[in-house]
There are 2 protein chains.
Amino acid sequence: MSADEFSVIRDLFAPYATSASARALRDDAAVLEAQGQMVVTTDTIVEGVHFLAGDPIETIAMKALRVNVSDVVAKGALPVQALLNLTWSNARPASEIATFAEAFGRDLKTFGIALIGGDTTSTPGPLTISVTLFGAPVGSRVPARGDAQVGEDVWLIGGEIGSAWLGLQLRTGALGLAHLRKERDEAQAQADSRALAGQMPSYLTLPNEDFDAEAAWLMMAYLAPFVRPECAGVVSKFASASMDVSDGLVADASKLAEASGVALRIEINAVPFSLAAERWAFSGGDVRKLITGGDDYVVLFTAPNELRGAIEVAEGSRALRLARIGVVEAGHGVIVADREGQPVAVSDTGYSHKLGR
Amino acid sequence: MSADEFSVIRDLFAPYATSASARALRDDAAVLEAQGQMVVTTDTIVEGVHFLAGDPIETIAMKALRVNVSDVVAKGALPVQALLNLTWSNARPASEIATFAEAFGRDLKTFGIALIGGDTTSTPGPLTISVTLFGAPVGSRVPARGDAQVGEDVWLIGGEIGSAWLGLQLRTGALGLAHLRKERDEAQAQADSRALAGQMPSYLTLPNEDFDAEAAWLMMAYLAPFVRPECAGVVSKFASASMDVSDGLVADASKLAEASGVALRIEINAVPFSLAAERWAFSGGDVRKLITGGDDYVVLFTAPNELRGAIEVAEGSRALRLARIGVVEAGHGVIVADREGQPVAVSDTGYSHKLGR
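Quick look at the structure, then. Since we're looking at a predicted model, the values are computed, not measured. Residue indices begin from 1 for each chain and proceed along its sequence in written order. Think of it this way: whatever chain is written first is A, whatever ligand is written first is 1, and the rest follow in order. Local features in this predicted model are restricted to residues of pLDDT 70 or higher, and side-chain atom pairs are both shown and tallied only at a pLDDT of 80 or more, whereas totals for entire chains, interfaces and linings draw on every residue. Side-chain descriptors were evaluated using all non-hydrogen atoms of the structure, hydrogens and water having been removed beforehand.

## Focus on the overall build of chain A
Item 1. Within chain A, the regular secondary structure consists of eleven helices and eleven strands.
Item 2. The classification of residues rests on relative accessible area computed with a 1.4 Å probe and restricted to protein chains. Under 20% of the type maximum is buried, over 50% is exposed, and intermediate values are partly exposed. Counting across all 357 residues of chain A, residues that qualify as buried make up 59%.
Item 3. Residue pairs in contact within chain A that sit at least 24 positions apart in sequence constitute 83% of those at least 6 positions apart. Working definition: helices are DSSP H or I runs of at least four residues, strands are E runs of at least two. Numbering for both runs from the N terminus. Any two residues having at least one pair of non-hydrogen atoms within 4.5 Å are treated as being in contact.

If you want it as structure tokens, here you go:
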């Protein structure tokens, strides 16, 4: 970009460069004053791959940050500083960058993160955003994927499984509202929705121009995942192995199992779903879609079963939707068991896209 | 990508994850054990913007790393650890990723850098690569862009100005060989070139299928900049203000001048050009193209003039093409002076591309 455009963009992001490390975004590099352990993670999201071209620029900005917050939190750490590589599509108006910066900055504040640097460039292709996030471990140990032991409990914390996948189906019109509601709820739901509709942004309206509070909640789970930094404390204190669930519960559980050289047995009955997801499954939806769909952004961890009582009463764990969903066994892979304890056949490929041609 | 593809890519890059921080690329985050100051920089390069779609994948990999090495070195630091965000184009064969990884890994080794993490994803758009690089300052101070003082000398170190721009012109066919040679050199140059041609990769052959050693050197300056980490010592010891020259000498000098609240006066006669560039300018080429073209990747710094003698005899400075090119003056902007001391009118926009539509 030209020097002028560079200055404009720097000025847009400068209010969020609240750390001395950032050198007010006026230098070629940030200077970190580092002491001890630091968690570092980086994730890229691409228009048409990780989000839809029609998604609002505000929630794209939030998602770019939050998918990284999720990785840091899953390592028992709190996010502190970020770098932003913004590769702006030539097909998008440059004026949208200000909206992106404002939403990204608001989310940085929400999570207490300082922007310390980055790079802005243009592309003839889709909008592409990489965020690199630095986190401070809450405790002295950063749990790895590969530390699960046979006999441990398997836990989820931080939210619901499958809500984001359902939200994506609603957003693309692949799924209608009818499947989410019991008939007797219909009148009340419509009244609630009418009351809220006027206060809501247009992107939370369904493709058929309805607004529905429950659908909006699910769509927001897809658009801007509800990542909960409070999970870091529980993970840091109790987890043997941990990772975030982002590519689908089964796929990510498989990765943890592989890294640890064990098998994970998951009771589908114990997995935390939203009420809407349960209704959808009850009315004929395939529950396997919920546990293999992506974009959940919750934490999967294992812990010795003698810690079970302490984990269940840990501060905030109930509000964080803590759920004990299975056990670590000898073997390899993931076994999903139904209500009767019988294995359910599921693919473990999770959210996938082909790389190259 | 699928879990299988992920494993394949991890295995390609794992040999270069030589630091414990990397957790063998098997975790969601790296864990840095940090002590004291650390320089952090990140740059994205995009196919069709920062490199040509037809550039060899090996040199694209090298360029992605080196543009970041250049930033770290310009801050008086040595590169130590890297993150790689590889956003692979669906239009490119996946098999090329192995070649990319090998070239990237070879360059990591050349510069003594450990890969500690990253992210690989696909895109319907152009190949897009972000590298984040961590550097260890050689001294106790990391010079900023904004620290130049009136009366200081302006220096360049690390290589030639304009060679990469000339290389790009040769590579695109915008410029032919004839302009680079004096007539009396022609016979010897052709003989030299024939002797080398068989040993050279095809991408160093000109569009008209000639091979020429001098042209190959210039094209390599564009394809994979010759960044010299040895410059970090001189910068750390002597520089007041510093930055790398990557968007064109005049544009980057303007940024340093602006950040420092001063003017930079540059004697065009003192700027280090290659012999080929001087011949080109002598035979009618516009020297302003050389000082405004991009992709040089050398270090621009200022230093008090009482250090002049010490800088000139600093270890390695001659081999690093150290050149004193001007002075810091009161005012603002960049004044380029010709052999007679008269100002030359140049644009300071440098390498630029429009952002968004």
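## A short note on the pairing of strand 10 (residues 333-337) of chain A
Residues and elements named next belong to chain A.
Item 1. DSSP calls a pair of strands paired once it identifies at least 2 bridges connecting them. Bridging between strand 7 (residues 263-267) and strand 10 involves five bridges; their strand directions are parallel. Paired with Ala 263 across the strands is Gly 333, a residue of strand 10.
Item 2. Pairing of strand 10 with strand 11 (residues 343-344), which is carried by two bridges, proceeds in the antiparallel orientation. The partner of Ala 337 across the bridge, within strand 11, is Pro 343.
Item 3. Where strand 10 folds back onto strand 11 in an antiparallel hairpin, the turn is made up of five residues, including Gly 341, whose phi is positive at roughly 85°.

## So, the interface of chain B and chain A
Item 1. With 70 residues of chain B at the interface, the matching set in chain A holds 70 residues.
Item 2. What counts as buried area is the accessible surface, traced by a 1.4 Å probe, that two parts surrender upon association, with contributions from both included. Each partner contributes to the roughly 5800 Å² buried at the junction of chain B and chain A, and carbon and sulfur atoms together form 50% of this total.
Item 3. A carboxyl oxygen of Asp or Glu within 4 Å of a side-chain nitrogen of Lys or Arg is what we treat as a salt bridge. The salt bridge partner of Asp28(B) is Arg145(A), with a shortest N-O separation of 3.1 Å.
Item 4. Any pair of N or O atoms that falls within 3.5 Å is considered a polar contact. Within protein, one atom must be able to donate a hydrogen and the other to accept it, and sequence-neighbouring residues count only if both atoms are side-chain atoms. Applying the counting rule to chain B against chain A returns 26 residue pairs in polar contact (both at pLDDT 80 or more).

## Re the sheet that holds strand 9 (residues 323-329) of chain A
Residue and element names in this part refer to chain A.
Item 1. Judged by pairing direction, the sheet is mixed, and its seven strands sit side by side in the order 6-8-5-9-7-10-11 without closing on themselves. Single-partner strands in this sheet number two, and they are strand 6 (242-245) and strand 11.
Item 2. Pairing between strand 5 (residues 153-157) and strand 9: four bridges, direction antiparallel. Its bridge partner lying in strand 9, Leu 156 is registered against Ala 323.
Item 3. Running at roughly 155° to strand 6, helix 2 (residues 57-74) makes contact with strand 6 and strand 8 (298-303) of the sheet. Simply put, an axis is a line fit to the C-alpha atoms, just over the touching stretch for a helix, and the angle between two N-to-C directions goes from 0 to 180 degrees.

## Things to note about the pattern of salt bridges
Item 1. Going through the model one piece at a time under the given rule, you end up with 40 salt bridges over all chains.
Item 2. For Glu214(A), the salt bridge goes to Arg279(A), with nearest N and O atoms at 3.2 Å. Here Glu214(A), found in helix 6 (residues 213-223), pairs with Arg279(A), found in helix 9 (residues 275-282); they are 65 residues apart in sequence, far enough to count as distant.
Item 3. By relative accessible area, Glu214(A) is classed as partly exposed at 26%.
Item 4. With relative accessibility at 17%, the residue Arg279(A) sits in the buried group.
Item 5. Taking the shortest distance from any N to any O, the salt bridge between Asp286(B) and Arg288(B) comes out at 3.2 Å.
Item 6. Residue class for Arg288(B) comes out partly exposed when judged on its relative accessible area of 36%.
Item 7. A network of salt bridges, in which partner residues are shared, links Arg23(A), Asp27(A), Asp28(A), Lys75(B) and Arg145(B).

## Focus: the sheet that holds strand 4 (residues 128-137) of chain A
Item 1. Across the sheet, which stays open at both edges, the eight strands sit in the order 3(A)-2(A)-4(A)-1(A)-1(B)-4(B)-2(B)-3(B) with mixed pairing between neighbours. The two strands at the open ends of the sheet, each matched to only one other strand, are strand 3 (114-123) of chain A together with strand 3 (114-123) of chain B. Sheet twist, expressed as the mean angle between neighbouring strand axes with direction ignored, is 25°.
Item 2. By the bridge criterion, nine bridges tie strand 2 (residues 77-89) of chain A to strand 3 of chain A in an arrangement that is parallel.

## What to know about the packing of aromatic side chains
Residue and element names in this part refer to chain A.
Item 1. Two rings from Phe, Tyr or Trp (for Trp, the six-membered ring) form a pair when their centres sit within 6.5 Å of each other. Planes less than 30 degrees apart are called stacked, planes more than 60 degrees apart edge-to-face, and all others tilted. The final tally for this structure, using the stated rule, is 13 aromatic pairs over all chains.
Item 2. Ring centres 4.4 Å apart and planes at 20° place the aromatic pair Trp 217 and Phe 226 in the stacked group.
Item 3. Put simply, the rings of Phe 13, Trp 88, Phe 100 and Phe 104 pair up and form one aromatic cluster.

## Comments concerning the relation of the copies chain B and chain A
Copy one and copy two of the chain differ by a rotation about a common axis and a shift along it.
Item 1. Rotating chain B by 180° about the axis while translating it 0.0 Å along that axis superimposes it on chain A, leaving an RMSD of 0.0 Å. The relationship between the two copies is best expressed as a two-fold rotation axis. Ranked by how close their C-alpha atoms come to the rotation axis, the residues of chain B are headed by Gly125(B), at 2.1 Å.
Item 2. Looking at the interface residues of chain B, 100% of them are also at the interface in chain A, so both copies use one shared face. When the copies are superposed, the least-squares fit draws on C-alpha atoms of residues that have pLDDT of at least 70 in both.

## Side note on helix 8 (residues 249-260) of chain A
Residues and elements named next belong to chain A.
Item 1. Here helix 8 is twelve residues long and its end C-alpha atoms lie 16 Å apart, about the 16 Å a rise of 1.5 Å per residue gives.
Item 2. With ten of twelve residues buried, helix 8 lies mostly within the body of the structure.
Item 3. By the burial criterion, the buried members of helix 8 are Leu 249, Val 250, Ala 251, Asp 252, Ala 253, Ser 254, Lys 255, Leu 256, Ala 257 and Ser 260.
Item 4. Gly 261, located one to two residues past helix 8, shows a positive phi value of around 70°. What a helix should span is 1.5 Å times the count of its residues minus one.

## Side note on unusual backbone geometry
Item 1. Positive phi, close to 55°, is recorded for Arg321(A), a residue that is not glycine.
Item 2. Within the secondary structure, Arg321(A) sits in the loop between helix 11 (308-312) and strand 9.

## What to know about the packing of helix 4 (residues 163-172) of chain A against helix 6 of chain A
All names here are of chain A.
Item 1. Put simply, helix 4 and helix 6 touch, their axes get as near as 7 Å, and they point 105° apart. Between helix 4 and helix 6, the interaxial angle falls into the category roughly perpendicular. Contacts between helix 4 and helix 6 involve Ser 163, Ala 164, Leu 166, Gly 167, Leu 168, Leu 170 and Arg 171 from the first element and Ala 215, Leu 218, Met 219, Ala 221, Tyr 222 and Leu 223 from the second.
Item 2. The classification used treats Ala, Val, Leu, Ile, Met, Phe, Trp, Tyr, Cys and Pro as nonpolar, Asp, Glu, Lys and Arg as charged, and all other residues, Gly among them, as polar. The class makeup of the residues in the contact of helix 4 with helix 6 is ten nonpolar, two polar and one charged. Note that the term roughly parallel is reserved for angles under 35 degrees, roughly antiparallel for angles over 145, roughly perpendicular for angles of 65 to 115, and oblique for everything else.

## Description of the environment of Ser163(B)
All names here are of chain B.
Item 1. Counting through the fold element by element, Ser 163 comes out in helix 4 (residues 163-172).
Item 2. According to the relative accessible area criterion, Ser 163 is buried, its value standing at 3%.
Item 3. Residues Ser 163 and Ile 9, 154 residues apart in the sequence, show an inter-C-alpha distance of 35 Å.
Item 4. The residues contacting Ser 163, other than those within four sequence positions of it, are Leu 218, Ala 221, Ser 274 and Asp 296.
Item 5. Of the polar contacts made by the side chain of Ser 163, one reaches the side chain of Glu 160; its length is 2.7 Å.

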